[in-house]
Amino acid sequence: MQIKIKRLNDATHLEATNEAGLTLQMDGSPDVGGKDLGMRPMQVLLTSLGGCSAMDVISILKKQRQPLEDIQFTLKGTREEGKVPALFSKIHITYDLYGNLDEGKVKRAIDLSMEQYCSVTKTLEKTAEITYSFKIHPSS
């Protein structure tokens, strides 16, 4: 795996590019000289956790033959106060799943993601308490 990062302006606006040419833009907040032209690096890290878990949960529910119509979720991260670096200390993920899904199978899919499959979870859980909740929105 390789990522190249280049600077896009005379401040902190950056663009990361992977081997396939896909890009992600990052920037700092105005108080550190940025212009909010991209996600901040810690937001990207939280996003990575969400993406990793989503891919796991979608795959597991598909294997369980669950009729997942959509999945959306919110991640809330709390960082250490007054420390540099300020690591995540708590992260909560709220999953919203859409379809006529079995609650036990949904819980099992999320548990497998959080406890076994998601590499980002395994990295972040060394410093942060990671919790989750979920709600199933059945089809009409």
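Everything below is about the structure printed above this text.
Residues numbered from 1 in each chain as written. Predicted model: local features only at pLDDT ≥ 70, side-chain atom pairs only at ≥ 80, totals over all residues. Heavy atoms only, no water.

Caption draft 1: Up close: the sheet that holds strand β2 (residues 14–18). Ordered by their spatial adjacency, three strands build an open sheet running β1-β2-β3, and the pairing between neighbours is antiparallel. Across the chains shown, the open sheet's two edge strands, defined by having one partner strand only, are β1 (3–7) and β3 (23–26). The sheet shows a mean angle of 25 degrees between the axes of neighbouring strands, direction not considered. Pairing geometry for β1 and β2, over five bridges, is antiparallel. From the neighbouring strand, R7 faces β2, where its bridge partner is L14. (Pairing = 2+ DSSP bridges. Helix = DSSP H or I, 4+ residues; strand = E, 2+ residues; numbered from the N terminus. Axes fitted to C-alpha atoms, helices over the stretch in contact; angles between N-to-C directions.)

Caption draft 2: The arrangement of the side chain of H13 in detail. Among the structural elements, H13 can be located in the loop between β1 and β2. The residues contacting H13, other than those within four sequence positions of it, are K6, R7, L8, Q25, M26, D27 and L37. (Contact = heavy atoms within 4.5 Å.)

Caption draft 3: Region of the structure containing helix α1 (residues 41–63). Helix length check: α1, at 23 residues, gives a terminal C-alpha distance of 33 Å against a target of 33 Å (1.5 Å per residue), a fit within 8%. For α1, the set of buried residues is V44, L46, L49, G50, C52, S53, A54, D56, V57, I60 and L61. Where α1 is buried, its residues contact β3, β4 (70–79), β5 (88–98), α2 (103–117) and α3 (119–124). Of the residues one or two after α1, R65 is the one with positive phi, at around 60 degrees. (Expected span 1.5 Å × (residues − 1). Buried < 20%, exposed > 50% of the residue type's maximum accessible area, 1.4 Å probe, protein only.)

Caption draft 4: Spatial organisation of unusual backbone geometry. Put simply, V84 and P85 share a cis peptide bond, and its omega is 0 degrees. Positionally, P85 belongs in the loop between β4 and β5. In this structure, D36 is a non-glycine residue whose phi angle is positive, near 55 degrees. Structurally, D36 is set in the loop between β3 and α1. Exposure remark for D36: the relative accessible area of 43% places this residue in the partly exposed category. Even without glycine at this site, R65 takes up a positive phi of about 60 degrees. Locating R65 in the fold gives a position in the loop between α1 and β4.

Caption draft 5: Spotlight on the nonpolar core. Core analysis: the biggest nonpolar cluster contains 22 residues, and L49, V57, I91, Y95 and L97 have the highest contact counts within it. Looking at this core, the elements with two or more residues in it are α1, β5, α2 and α3. Of the residues forming this core, the biggest block, six residues, is contributed by α1. Contacts of L49, omitting those with residues within four sequence positions, involve L75, I91, I93, M114, C118, V120, T121 and L124. (Core = buried A, V, L, I, M, F, W, Y, C linked by side-chain atoms within 4.5 Å.)

Caption draft 6: Quick look at the packing of aromatic side chains. With the rule as written, the count across this model stands at three aromatic pairs. Summarising the aromatic geometry, the rings of Y95 and Y132 are spaced 6.0 Å apart at their centres and angled 90 degrees between planes, so their arrangement reads as edge-to-face. Here the residue Y95 occupies a position in strand β5, and Y132 occupies one in strand β6 (residues 129–137), the gap between them amounting to 37 residues. A relative accessible area of 23% means that Y132 is categorised as partly exposed. The interplanar angle of 25 degrees and the centroid separation of 6.5 Å between the aromatic rings of Y132 and F134 together place this pair among those described as stacked. Take F134: its relative accessible area is 24%, and that puts it in the partly exposed class. (Phe/Tyr/Trp six-rings, centres within 6.5 Å; stacked < 30°, edge-to-face > 60°.)

Remember, this is a structural readout, not a statement about activity or role.
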